[in-house]
Number of protein chains: 2
Amino acid sequence: MPAWLDQIQWNIDGLLPVVTQETTSLKVLMHAWMNLEALQKTVQEGKAVYWSRKRQAIWTKGEVSGHFQWVDDIYLDCDCDTLLLMVKQTGGIACHTGRHSCFLMKLEQETWQTTEPILKNPEQIYNDPKP
Amino acid sequence: MPAWLDQIQWNIDGLLPVVTQETTSLKVLMHAWMNLEALQKTVQEGKAVYWSRKRQAIWTKGEVSGHFQWVDDIYLDCDCDTLLLMVKQTGGIACHTGRHSCFLMKLEQETWQTTEPILKNPEQIYNDPKP
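Residues numbered from 1 in each chain as written. Chains lettered and ligands numbered in written order. Predicted model: local features only at pLDDT ≥ 70, side-chain atom pairs only at ≥ 80, totals over all residues. Heavy atoms only, no water.

Trainee: So what's going on with the overall build of chain A? Which residues, and what values?
Mentor: Of the regular secondary structure elements, chain A holds three helices and eight strands. Since a compact globule built from 131 residues should have a radius of gyration of about 14 Å, the 15 Å found for chain A is in line with a globular shape. Scored against the burial criterion, the 131 residues of chain A give a buried share of 51%. The long-range share in chain A, meaning contacts at least 24 apart out of those at least 6 apart in sequence, stands at 42%. Entry remark: accessible area of chain A is about 6300 Å², with carbon and sulfur atoms responsible for 49%. If you average the places of the 12 positive and of the 16 negative side-chain charges in chain A, the two averages end up 8 Å apart. (Helix = DSSP H or I, 4+ residues; strand = E, 2+ residues; numbered from the N terminus. Rg over C-alpha atoms; globule rule 2.2 N^0.38 Å. Buried < 20%, exposed > 50% of the residue type's maximum accessible area, 1.4 Å probe, protein only. Contact = heavy atoms within 4.5 Å. Areas by Shrake-Rupley, 256 points an atom, 1.4 Å probe, with all protein chains shown as cover. Lys, Arg positive; Asp, Glu negative; His and termini not counted. Charge placed at Lys NZ, Arg CZ, Asp CG, Glu CD.)

Trainee: Which residues make up the sheet that holds strand β6 (residues 83-89) of chain B, and what values do they have?
Mentor: In space, the six strands of this open sheet follow the order β8(A)-β7(A)-β5(B)-β6(B)-β1(B)-β2(B), with mixed pairing throughout. Since the sheet does not close on itself, it has two edges, and those belong to β8 (111-114) of chain A together with β2 (28-34) of chain B, each with one partner. Adjacent strand axes in the sheet meet at a mean angle of 35° when their direction is disregarded. Strand direction decides the pairing type here: strand β7 (residues 105-108) of chain A and strand β5 (residues 69-76) of chain B, joined by two bridges, are antiparallel. The partner of methionine 105 of chain A across the bridge, within β5 of chain B, is leucine 76 of chain B. (Pairing = 2+ DSSP bridges. Axes fitted to C-alpha atoms, helices over the stretch in contact; angles between N-to-C directions.)

Trainee: Requested: an account of the relation of the copies chain A and chain B, with residues and values cited.
Mentor: Between the two copies, chain A and chain B, the superposition gives an RMSD of 0.0 Å; the rotation angle is 180° and the shift along the axis is 0.0 Å. The two molecules are tied by a two-fold rotation axis, judged by turn and shift. Measuring from the rotation axis to each C-alpha of chain A, the shortest distance belongs to leucine 26 of chain A, at 3.0 Å. When the interface residues of chain A are mapped onto chain B, 100% of them again fall at the interface, so both copies present the same face. (Least-squares fit on C-alpha atoms with pLDDT ≥ 70 in both.)

See below:
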């Protein structure tokens, strides 16, 4: 295995958390997970590939929606166990609910208030052909 | 339990991942974990309190270094299982290595290159009295 992959401290399930941030706006778009294969594919293909813990499968972000994340830079943290991905977000929509960011609720007076607007109806996103 | 806490989907260990971003610079500073008590304390005290998985203990960020994180806003994601904390970073140093951000290495030509400068020697941070 190449040295840069060998340095990574995977968790007990062979995964590491990934924070994805939009290069232009610096908005944090989402939080997901990668295994070794997902990280290798991300680097090879230049677009974000995650590991879906729910589906237990490799998941190319945008494969259904067309909302690919084109990778500008990849950062590793001081403990070598978390990645920060800087990306160009196709369509400006990272969230499966049709929003820019997955961090869509803000704590206000002990209530989660939705602060991110829906930019595109999810039904439209997932039924339309890819752009 | 208040409704806003009840909505949160904790993982099997009773934790949830937290992404911490600096409000002014929008720099992603670190990635950590919270349990219920840590989140309650964070909200009550207005500064970031995490759960240290290594020490299996509540951990007020800055308790030794003085580099507290004063919370401006807290966001929850679409799956209700990840938080985004917007903070003011005391001393401009979030990393225990004396750097602004924990995401200190960038992947360049298949090598992790350190891109974040050391702003203060860690020995000085952890031996000096708190500011």
